Amino acid sequence: MVVLMVMVVLVVLVVLVVLVVLVVMVVLVVMVVLVVMVVLVVMVVLVVMVALVVMVVLVVRVVLVVMVLLVVEVVVRMVEWC
């Protein structure tokens, strides 16, 4: 009878240890997945911001070049007119 009780206690302890290990592993996996997702989101946001900055710089350069060309054209026309 005592041997049976000891066996039951041992089985219960083993089951509890296995359950605790499984829960810890699941929590760790979930945390790793969340960290990876956060890192990916941050990287995507940074890439989008860099792309927007590059596009703005390119647009500003094009606008400046067009404005300079227009000013030069106006000056040339004024010189010709005078």
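Note that this is a predicted model, so its numbers are computed, not measured.

**Student:** Help me understand the overall build of the protein in this model?
**Tutor:** When helices and strands are counted, the protein shows 1 helix and 0 strands. Computed over the C-alpha atoms, the radius of gyration of the protein is 35 Å, more than 25% above the 12 Å expected from 2.2 N^0.38 for a compact globule of 82 residues. Taking the principal axes of the C-alpha coordinates as reference, the protein spans close to 120 × 5 × 5 Å. Burial status across the protein gives 0% buried among its 82 residues. Accessible surface computed for the protein: about 7700 Å², of which carbon and sulfur atoms make up 93%.

**Student:** Help me out: how do you make sense of the pattern of salt bridges in this one?
**Tutor:** Side chains bearing opposite charge may pair, as long as their charged atoms lie close to each other. For the structure shown, the criterion picks out 1 salt bridge. Of the charged contacts, one joins glutamate 73 and arginine 77 as a salt bridge, the two residues approaching to 3.1 Å between their closest N and O atoms. Separated by 4 residues within a single helix, glutamate 73 and arginine 77 lie in helix H1 (residues 2–81), roughly one turn from each other. The partly exposed category is assigned to glutamate 73, whose relative accessible area is 39%. Residue classification places arginine 77 among the exposed positions, given a relative accessible area of 52%.

Rules used throughout
Residues numbered from 1 in each chain as written. Predicted model: local features only at pLDDT ≥ 70, side-chain atom pairs only at ≥ 80, totals over all residues. Heavy atoms only, no water. Helix = DSSP H or I, 4+ residues; strand = E, 2+ residues; numbered from the N terminus. Rg over C-alpha atoms; globule rule 2.2 N^0.38 Å. Buried < 20%, exposed > 50% of the residue type's maximum accessible area, 1.4 Å probe, protein only. Areas by Shrake-Rupley, 256 points an atom, 1.4 Å probe, with all protein chains shown as cover. Salt bridge = Lys/Arg side-chain N within 4 Å of Asp/Glu carboxyl O.

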